[in-house]
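# Analysis of the macromolecular model
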Amino acid sequence: MADFETPEIREYPLIPHIHEGAMAGTKPFVAKPEHQKALGFPGELVENWKEVAIDKMGDLLGKYRSLPVFLDSCVKCGACTDKCHYFLGTTDPKNMPVARQDLLRKVYRRYFTFAGKYFPKLVGAVDLTEEVLQDWYSYYHQCSECRRCSVYCPYGIDTAEITMAGREILDAVGIGAKYSNEIIGKVFTVGNNLGLPGPALKDTLEGIEEDVKEDTGVDVRYPVDEKGAEVLLITPSADFFAEPHVDGLIGYGKVFHQAGISWTLSSYASEAANFGIFIGSYENMKRVAMRIREAALDLGVKRIIVGECGHAWRVAYSFWNTLIGPFDFLDPRYPAPQHICEFTYDLIQRGALTLDKSANDHRVVTFHDSCNVARASRMGNMPGGQFIIPREVIKAVCNNFYDMEEGTIGEGTFCCGGGGGLLTDDLMEVRVKGALPRMQALRHVVEEHGVTHMAAICAICKTQFAKVLPYYNFSMDQIISVHQLVGDAVVLGAKQ
Amino acid sequence: MDFLSIAYALVFYFATFVLVVGVGRKIVQYARTPAPLKIPTTPAPTTGTGVALRLGGEVVFFTSLFKSNKWIWVFGWLFHFCLLLEVLRHLRYFIQPVWWWVALIQPFGKYAAYGMVIGLLGLWGRRFFVDRVRYISAPSDHLMLVLLLAIAGSGMLMTFVDHTDIISLKAFVLGLLYGHWQPLPADPLLLIHLGLVAALMIVFPFSKLLHGPGLLFSPTRNQIDNPREKRHVTPWATDTGAGTAG
Ligand code: HEM
Ligand code: HEM
Ligand code: SF4
Ligand code: SF4
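Please read these numbers as outputs of a predicted model, since none were measured by experiment. (Residues numbered from 1 in each chain as written. Chains lettered and ligands numbered in written order. Predicted model: local features only at pLDDT ≥ 70, side-chain atom pairs only at ≥ 80, totals over all residues. Heavy atoms only, no water.)

## Quick notes on the site of ligand 4
Residue and element names in this part refer to chain A.
- Close to ligand 4 lie 14 residues; Cys84, Cys143, Cys146, Arg147 and Cys149 are nearest.
- Secondary structure elements with two or more residues in the shell around ligand 4: helix 4 (85-90), helix 5 (97-112), helix 9 (148-152) and helix 10 (159-173).
- Broken down by class, the residue content of the shell around ligand 4 amounts to seven nonpolar, three polar and four charged. (Near = heavy atom within 4 Å. Helix = DSSP H or I, 4+ residues; strand = E, 2+ residues; numbered from the N terminus. Nonpolar A, V, L, I, M, F, W, Y, C, P; charged D, E, K, R; others polar.)

Here's what the structure looks like:
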């Protein structure tokens, strides 16, 4: 399959010994000049890159409190060193969260602190060199910004923030990653990550309507650009066709249908994902999000609901109100925005859906908490609702549910290995190795409880697992959407 | 007044100045730098009281560290708790008459020295024996532990082996506080102890010892999880033209 070895799943997870330089050469393709320029970055490495990088670092230090606080506060206690799935899977010490931070911290110290200016050797401060820049490019693209390390750090130091800053600096000197930057460009020009234009989207949705009709005999609608609909659904564009995503979309449609609530997609804002967050660019993140506000106003909807997507939900839940709020034009009786799981859960609570759990009897299900939902957002009105609500939804539609081991789910959930802008073939080795801890936990419930399927609520998780499951001797269709389970169990037609 | 007493008096004024101004400047920097986005590590409290409890738990019990690594927690918490006891016990040199509770903790404070040393040695051991921690340790990380161990060690030698003249020392300290200087007992152990303490005060604002104030300013820990209910706005971020329509 590839020129690297898939790590071995052991009976008990082990903290590996470090192997320096294990992933040193690994890095994603560099963005082409036209992709860089579309986002307002220089096309290629600028001549005075050192100066630009240091200036940019100074700029960011003044804009984000997290940076000076995190860079100053780390005591090198080591508590985070065994918490990153990329370290556990690759054994490269620079993939330990604190070491990843140190790549930036040692330059910060050299140029911005008294100790680093006058006693660099003592505090491990170094000049910004070509080599350091290469390390940044390599190791800031071996972090999925999953925030697992921040849960376990005594000061909440979030390496994701450092990685975002690192990528911002890299973009500022002209070497961005192809994958993220090209995709953001597509959103600006076409409206979604996949570059799927409006007419193609319409065709696809019509096709889905036909399939559902054929399957169930019921006219379930998958509308787009319908003015005056009650709900605007913002969902990752992967939901429009790829397996297993599209079965989730089919599920959302069935839920709306049964709830009797009019809804629509938007061809202008046909993307929930917001890769602006991955590259730490506030401006790009805002520009991507603004399309959604515009679409909501244009279509005159009363509510915005977000489909299954992890970091999209983070941006929507945590950032939208700041970036594109206030949402005073929406119906104040509903949270703005609302997650599709919150919506379905509400209907289930009210008894508004007729569910036939036995439709899922051929499945034994576990649930993968997506990192950005788990550690960077919430559902419902109490802390931790993001863990309870999707599980309650699954249990309401499915008789066989088993959780994976404590410490690998909930706030301690392991990232799928493909988040944060790493979901690209040029980083396959990082993705496969980073999936090790999740695969280990999955293997455990498969052996213990005969689990057949892992459900998730994130387009990146689903794509990533479909790709890496086979490396660990699972099959690619063992990953499914939560709303596929829901869709299969919903009894269409008048309420019985 | 002998030269040594004057030198130590000046060093302590200088160290106090550096500590107060240095840490003060850092706190002002942290407080003035905006946190443009809501980034609490969730599940996070949804109220201000909840956040106060979260931070309180981190300061008093090191809750996150407890979740993450029991060895570091045991050694680290032991060290900090004993350090706190030591500092409180030392208040007797700075106040007259000595508060009743400072008198009460004197015997515990005395033995806290052992706890401090055990904690520090445990933490230091990790820097040699755990390959991951060895990898991330800079010379300054070792030196900080050495410094604290030397402070504790010199203190313990005075307490348990070779006493110093505590009465004159207290006169010296109160003299510093009230501005009529008194001579300092020229005891080598005491001079070492005090010299190292002054060094600790001076490096504080320039080192990782900023983790104390840092924790309180950490946005992942001190933000309320209420972005949908309350629009979070900060100067530079919101100026970029939000809410153009509607
Ligand atoms: C608000 C007050 C403070 C809090 C909440 C706090 C908390 C912590 C925590 C959680 C750690 C990591 C675990 C460990 O290694 O112990 C740590 C490390 C450390 N703290 Fe503190 N601390 C505080 C004040 C101080 C002060 C005043 C000092 C010294 C004067 C200090 C010295 C250290 C040192 C040297 C380490 C690193 C230990 C090592 O090398 O492993 N701390 N602190
Ligand atoms: C961070 C600051 C300090 C630390 C960590 C520290 C630590 C210690 C420790 C562990 C001991 C031995 C146990 C005990 O008797 O309590 C001790 C003793 C002592 N310390 Fe400190 N000390 C500090 C600051 C000071 C200062 C500022 C003074 C002077 C005003 C001082 C004066 C003494 C004396 C005189 C003793 C001997 C007490 C006796 O003989 O009973 N220390 N110190
Ligand atoms: S847990 Fe936090 S303080 Fe400890 S080494 Fe990691 S980042 Fe630094
Ligand atoms: S944010 Fe996630 S991927 Fe990045 S260093 Fe922390 S644990 Fe690793």
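So, next bit.
## Topic: the domain arrangement of chain A
Residue and element names in this part refer to chain A.
- What the domain assignment reports for chain A is domain 1 (33-176) and domain 2 (185-402 + 451-489).
- Here domain 1 and domain 2 have C-alpha centroids that lie 32 Å from each other.
- Taken together, the contact between domain 1 and domain 2 spans 15 residues of the former and 16 residues of the latter.
- Between domain 1 and domain 2, roughly 1,200 Å² of surface is buried when both sides are summed, and carbon and sulfur atoms account for 47% of that area.
- Among the residues domain 1 hides against domain 2, the three largest losses belong to Leu39, Arg147 and Met164. Together they make up 36% of the total.
- Scanning the region where domain 1 abuts domain 2 turns up zero salt bridges.
- Linking domain 1 with domain 2 are three residue pairs in polar contact (both at pLDDT 80 or more).
- For the side of domain 1 that touches domain 2, the secondary structure elements donating two or more residues are helix 9 and helix 10.
- With five residues, helix 10 is the largest single contributor of residues to the side of domain 1 that touches domain 2.
- Each residue belonging to the side of domain 1 that touches domain 2 can be placed in one class, and the counts come to seven nonpolar, no polar and eight charged. (Domains from an automatic or database assignment. Contact = heavy atoms within 4.5 Å. Buried area = accessible area lost by both parts, 1.4 Å probe. Salt bridge = Lys/Arg side-chain N within 4 Å of Asp/Glu carboxyl O. Polar contact = N/O pair within 3.5 Å; in protein donor to acceptor, adjacent residues only side chain to side chain.)

## Observations regarding the interface of chain A and chain B
- With 82 residues of chain A in contact, the opposing surface of chain B contributes 66 residues.
- Each partner contributes to the roughly 5,900 Å² buried at the junction of chain A and chain B, and carbon and sulfur atoms together form 57% of this total.
- The tally of links between chain A and chain B comes to five salt bridges.
- In this structure, Asp225 of chain B engages Arg378 of chain A in a salt bridge whose closest nitrogen and oxygen atoms are separated by 2.7 Å.
- Counting across the chain A and chain B interface gives 39 residue pairs in polar contact (both at pLDDT 80 or more).
- In terms of residue count, helix 15 (residues 310-324) of chain A provides more of the side of chain A that touches chain B than any other element does, eight residues in total.

## Focus on unusual backbone geometry
- Residue Pro244 of chain A follows Glu243 of chain A across a cis peptide bond; omega there is 0 degrees.
- Take Pro244 of chain A: it is sitting in the loop between strand 1 (231-234) and helix 13 (245-259).
- The residue after Gln96 of chain B, namely Pro97 of chain B, is reached through a cis peptide bond having omega 0 degrees.
- Relative to the assigned elements, Pro97 of chain B resides in the loop between helix 4 (70-90) and helix 5 (100-104).
- If you check the backbone angles, Asn473 of chain A has positive phi at about 65 degrees while not being a glycine.
- Within the element layout of this structure, Asn473 of chain A appears in the loop between helix 21 (459-468) and strand 7 (479-481).
- Classification of Asn473 of chain A by relative accessible area gives exposed; the value is 68%.
- Phi is positive for Phe62 of chain B, close to 55 degrees, though the residue is something other than glycine. (Buried < 20%, exposed > 50% of the residue type's maximum accessible area, 1.4 Å probe, protein only.)

## Things to note about the coordination of the iron atom of ligand 2
Residue and element names in this part refer to chain B.
- On the protein side, the iron atom of ligand 2 has His90 (NE2) and His193 (NE2) as donor atoms, found 2.0 Å from it.
- Considering all six donor atoms around the iron atom of ligand 2, the spread of angles at the metal, 86 to 179 degrees, places the coordination shape in the octahedral class. A residue pair is termed long-range when its members are at least 10 positions apart, and His90 in helix 4 and His193 in helix 10 (residues 188-203) qualify at 103 residues. (Donors = N, O, S within 2.8 Å, 3.2 Å for Na, K, Ca; no water. Tetrahedral: all angles 85-135°; square planar, octahedral: opposite > 155°, others 65-115°.)

## Regarding the nonpolar core
- The biggest cluster of nonpolar side chains holds 183 residues, and the ones touching the most others in it are Trp136 and Trp320 of chain A.
- For this core, the domains that each give at least three residues are domain 1 (33-176) and domain 2 (185-402 + 451-489) of chain A.
- For Trp136 of chain A, the contacting residues outside a window of four places in its chain are Met57, Leu103, Leu104, Val107, Leu128, His141, Ile169 and Leu170 of chain A.
- Counting residues in each nonpolar core, the second largest holds 25 residues, with Ala79 of chain A together with Phe75, Leu147 and Ala152 of chain B among its members. (Core = buried A, V, L, I, M, F, W, Y, C linked by side-chain atoms within 4.5 Å.)

## Examining the environment of Phe66 of chain B
Residues and elements named next belong to chain B.
- Its location among the elements puts Phe66 in helix 3 (residues 63-68).
- Judged by relative accessible area, which is 40%, Phe66 ranks as partly exposed.
- As a C-alpha pair, Phe66 and Trp77 span eleven residues in sequence and 9.4 Å in three-dimensional space.

## Overview of the packing of helix 11 (residues 178-189) of chain A against helix 14 (residues 282-299) of chain A
Residues and elements named next belong to chain A.
- For the pair helix 11 and helix 14, interaxial distance at closest approach is 10 Å and the crossing angle is 35 degrees. For the element pair helix 11 and helix 14, the recorded crossing hand is left-handed. Residue-level contacts link Ile184, Val187 and Phe188 of helix 11 to Asn284, Arg287, Val288 and Arg291 of helix 14.
- Residues of the contact of helix 11 with helix 14, tallied by class, amount to four nonpolar, one polar and two charged. (Axes fitted to C-alpha atoms, helices over the stretch in contact; angles between N-to-C directions. Left-handed = near helix turned anticlockwise from the far one by under 90°.)

## Here we look at the environment of Lys67 of chain B
- On the secondary structure map, Lys67 of chain B appears in helix 3.
- Setting aside its immediate chain neighbours within four residues, Lys67 of chain B contacts Val151, Tyr152 and Glu411 of chain A.

## Some remarks on the sheet that holds strand 2 (residues 263-264) of chain A
Residue and element names in this part refer to chain A.
- The strand order across the open sheet formed by four strands is 2-1-3-4, and the pairing between neighbours is parallel. With partners counted over all chains shown, the strands left at the sheet margins are strand 2 and strand 4 (338-339), one partner each.
- Relative to strand 4, strand 3 (residues 303-306) runs parallel, the two sharing two bridges. Looking across to strand 4, one finds that Val306 is bridged to His339.
- The strands touched by helix 13 within the sheet are strand 1, strand 2 and strand 3, with strand 1 carrying the most contacts at an inclination of about 170 degrees.
- Along the sheet, helix 15 contacts strand 1, strand 3 and strand 4; its crossing angle with strand 3, the most-contacted strand, is approximately 140 degrees. (Pairing = 2+ DSSP bridges.)

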